[in-house]
Structure formats: C-alpha cells, structure tokens
Amino acid sequence: MSEKSEQRLSVLKTYKLYVGGKFPRSESGRVYEVTDAKGKWLANAPLSSRKDARDAVVAARKAFGGWSGATAYNRGQILYRIAEMLEGRRDQYVAEVADAEGLSKSKAAAQVDAAIDRWVWYAGWTDKIAQVVGGGNPVAGPFFNLSSPEPTGVVAVLAPQESSFLGLVSVVAPVIATGNTAVVIASEKSPLPALSLGEVLATSDLPGGVVNVLSGRTAEIAAPLAAHQDVNAIDLTGADEALVKELEIAAADNLKRVLRPQPVDEVDWTTAPGTDRMTAFLETKTVWHPTGSLGVSGSSY
C-alpha cells in the first residue's frame, strides 16, 4: 500500500448549541473563530442570536415542571451519572481545557478532575439541602408551621470567562441540583468545553431542556435573557462591570433574582463551594396548619 493511500483527512469536530435536548446550529447561521491561548485556530463555534436565547428559555420552561417535580434522590442520581460520563471522556476534556486556558496537561487534568468531583459533590446535596434550609418553625398558637425550599424557576447563567470548565460546572451544577432549569452562556473566548458538555448531558438521563448551552457574544445573548419575562433569575458571574449594571436594570423589570459576580481576582474555583449557590436560587414556602385537638381532654398535638 502506498504512503499516499494511507493518508486521510482529519475529521474536524463540529460544535453546536445544546437546546431542548437537541444540537441545533444558530438560527442565524453565524459562527465565530475560537483560538487557543497562542492564537491558533481550534474550531468555529456557533454565534448565538437573540432568537436562540428565546428558544432556550422556551425549552427551559417546558422542562421545569418535570425536573422540579422529580424526587431529590432522582436528581442526585442523574447528576452522579453526569460525573460518570465525564470520567469516561476525561482525556477529551483535558485536551480542550488545556487548549482553552493555555494550561499544561497536568494542570488541565487537575481542573477536569475537580470539575468531575464537583458534580459528585452536588449530586450528594440534592436530597439534603432541604434539611439545611427548611424545617419546623416555633409559633405561638395551635399550629404547625413548616418551611421548605422550592426552586426559583428558569435561571440564566453567564458562565465564567476565564475558567472554561471547572468554573462552568461550579455555576451550573448548583442551579439544577435544586430543581431549577438553566440557560447557560458559555465563556465567549473559550466555549468549546461547555459545548462538549452538552454531549455528555444528552446521554446522561438529564431531561432535554434542563440545561441549554449557548455560545457567542456574552453581551448580545445576555441582554434578551435579562429582560425576558419568563426568566426568573440570573447569575452574572461571566459579566464585566459595565454589563452587570445594564443587566441588573433589565432584570429589575420583572423582579428577577440577581446573583452578582465576585471580583475576578477574588474567585478561586478550586475551593470548596459551600451551599451559597444552591440557596441563591431557592424560594422558601411556609405552610401553616392547625394542630386540632385530641379526645375529650382537649390536648393538642
């Protein structure tokens, strides 16, 4: 066999959005070049439009009832399954993170391992967070008074710009662990790990629409999400200071919950995350119920 016949063309990966459990291209047909830390071309990523953002909200709202109504134990199983799938594709993510962030293979591997461990950590919290933030309340009178957490709804998440995978997982996992659905805007300059995450989510028992991943210009996609009347909350982690102010004003129109970003130099995604990002997108429902009385003695229970 000749050397020429042994040569073959590389099969380049086509990156697509992840919306409603499917992999559409941007409805605009636009793409933009993604390069590594040294400026080398890596791929063309979809350049999402406002229409793509609206479609993602529709998908997230459609999925909300089933996901929020699932048992916390079932949500935990699914999050753990995501970690399993990521573990099986670890080498792919190490390569993508190394290219995206200009890291050595060993440092990229540490980031990927931490991201996988974080999925497992949040999987364990799904059926425990209610015990931490809910419970019985002491009241004066013959009543039961019980508080329990409920998901806020559809959450728009602006993923961190610098941490393309560990930071991404750190802002997405707590949103869905507590029963919310998410519309995620990937890092503008390093979207490839986020777009690849969609492939794992699609094969991990996560219902379509629970997480929707968009790539493109953060400001362009975030503006319609912040103003969208069917988006209940927004995480501004990936926005710069000027964009934060603009989005906060837009979000105030329907009283969205807003999670403001920390200064970039204060963020360390490798530290233990705590419960703050879970409780940020939970509402508290309080139920009153009369205790009644027992028997002729009139004693209450």
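The present account deals with the structure reproduced in this document. Small disclaimer: the values here were computed from a predicted structure and weren't measured.

As a further point, take the pattern of salt bridges. The full count for this structure, using the stated rule, is 14 salt bridges. Between Lys285 and Glu150 there is a salt bridge, with its nearest N and O atoms 2.9 Å apart. With Lys285 in strand β10 (residues 282-290) and Glu150 in strand β4 (residues 143-151), this residue pair connects regions lying 135 residues apart in the sequence. Classification of Glu150 by relative accessible area gives partly exposed; the value is 33%. Arg257 serves as the salt-bridge partner of Glu283, at 3.1 Å between the closest nitrogen and oxygen. Taken together, the positions of Glu283 in strand β10 and Arg257 in strand β9 (residues 257-259) put the pair 26 residues apart, joining distant regions of the chain. We classify Glu283 as partly exposed; its relative accessible area is 31%. Through salt bridges with shared partners, one network takes in Lys13, Arg89 and Glu199.

This part is about the sheet that holds strand β7 (residues 211-214). What the five strands build is an open sheet, ordered β7-β6-β5-β8-β9; its pairing is parallel. Of all strands in the sheet, those bounded by a partner on one side alone are β7 and β9. Direction aside, the axes of adjacent strands within the sheet are offset by 15° on average. In this fold helix α9 (residues 218-227) packs onto β5 (154-158), β6 (181-185), β7 and β8 (233-235), with an angle of close to 150° to the strand it touches most, β6.

The residue Arg277 is located in helix α11 (residues 276-279) in this model. Arg277 sits in the buried class, given a relative accessible area of 17%. A distance of 3.2 Å separates the side chain of Arg277 from the side chain of Thr237, its partner in a polar contact. In contact with Arg277, other than residues within four places in its own chain, are Tyr122, Ser170, Val171, Pro174, Asp235, Thr237, Leu259 and Trp269.

Moving on: helix α5 (residues 105-125). Structural remark: α-helix, 3.6 residues per turn; residues separated by three or four positions point the same way. With 21 residues, α5 should cover 30 Å at 1.5 Å per step; its first-to-last C-alpha distance of 31 Å lies within 8% of that length. Looking at α5, one finds that the buried residues are Ala108, Ala109, Gln111, Val112, Ala115, Ile116, Arg118, Trp119, Tyr122, Ala123 and Trp125. Among the structural elements, α3 (72-88), α4 (90-101), α6 (129-133), α7 (166-177) and α11 are those in contact with the buried residues of α5.

Let us now look at the sheet that holds β10. Sheet strands line up and pair through hydrogen bonds in the backbone, either parallel or antiparallel. Within the open sheet, the three strands sit side by side as β3-β4-β10. Their pairing is antiparallel. Of all strands in the sheet, those bounded by a partner on one side alone are β3 (135-136) and β10. Relative to β10, β4 runs antiparallel, the two being bridged by nine bridges. Bridging from a neighbouring strand, Asn145 pairs with Trp288 of β10.

Counted under the stated rule, the structure contains four aromatic pairs. Seen from their ring centres, Tyr93 and Phe165 are 4.8 Å apart, and the 20° between their planes marks the pair as stacked. Taken together, the residues Tyr93 in helix α4 and Phe165 in the loop between β5 and α7 connect sequence positions 72 residues apart. Of the two residues, Tyr93 and Phe165, both sit in the buried class. Grouped by ring-pair contacts, the aromatic residues Trp121, Tyr122 and Trp125 constitute a single cluster. We note Lys13 situated over the ring of Tyr15; from NZ or CZ to the ring centre the distance is 5.2 Å. In this structure, Arg217 packs its charged tip against the face of Tyr32, placed 4.6 Å from the ring centre.

With respect to the element layout, Glu199 can be found in helix α8 (residues 192-202). On a C-alpha basis, the gap between Glu199 and Lys16 in space is 9.6 Å, while along the polypeptide they are 183 residues apart. If we ignore the near neighbours within four places in the chain, the residues touching Glu199 are Lys13, Phe23, Arg89 and Gln92.

Turning our eyes to something else, we now look at the packing of α3 against α8. Axis separation between α3 and α8 bottoms out at 9 Å; the angle between their running directions is 120°. Regarding the angle of α3 to α8, the classification is oblique. When the axes of α3 and α8 are compared, the crossing they make is right-handed. Where α3 approaches α8, its residues Ile82, Met85 and Leu86 are matched on the opposing element by Leu197, Val200 and Leu201. Of the residues contributing to the contact of α3 with α8, the split by class is six nonpolar, no polar and no charged.

Turning our eyes to something else, we now look at the nonpolar core. Of all hydrophobic cores here, the largest spans 61 residues; its most connected members are Leu86, Trp119, Phe165, Ile176 and Val211. Those residues in contact with Ile176, other than ones at most four positions away along the chain, are Trp67, Arg75, Leu79, Trp119, Ala182, Leu206, Val210 and Val211. With 25 residues, the next largest nonpolar core counts Val19, Ala59, Val154 and Ala222 among its residues.

Thresholds applied
Residues numbered from 1 in each chain as written. Predicted model: local features only at pLDDT ≥ 70, side-chain atom pairs only at ≥ 80, totals over all residues. Heavy atoms only, no water. Salt bridge = Lys/Arg side-chain N within 4 Å of Asp/Glu carboxyl O. Helix = DSSP H or I, 4+ residues; strand = E, 2+ residues; numbered from the N terminus. Buried < 20%, exposed > 50% of the residue type's maximum accessible area, 1.4 Å probe, protein only. Pairing = 2+ DSSP bridges. Axes fitted to C-alpha atoms, helices over the stretch in contact; angles between N-to-C directions. Contact = heavy atoms within 4.5 Å. Polar contact = N/O pair within 3.5 Å; in protein donor to acceptor, adjacent residues only side chain to side chain. Expected span 1.5 Å × (residues − 1). Phe/Tyr/Trp six-rings, centres within 6.5 Å; stacked < 30°, edge-to-face > 60°. Lys NZ or Arg CZ within 6 Å of the ring centre and 35° of its normal. Parallel < 35°, antiparallel > 145°, perpendicular 65-115°, else oblique. Left-handed = near helix turned anticlockwise from the far one by under 90°. Nonpolar A, V, L, I, M, F, W, Y, C, P; charged D, E, K, R; others polar. Core = buried A, V, L, I, M, F, W, Y, C linked by side-chain atoms within 4.5 Å.

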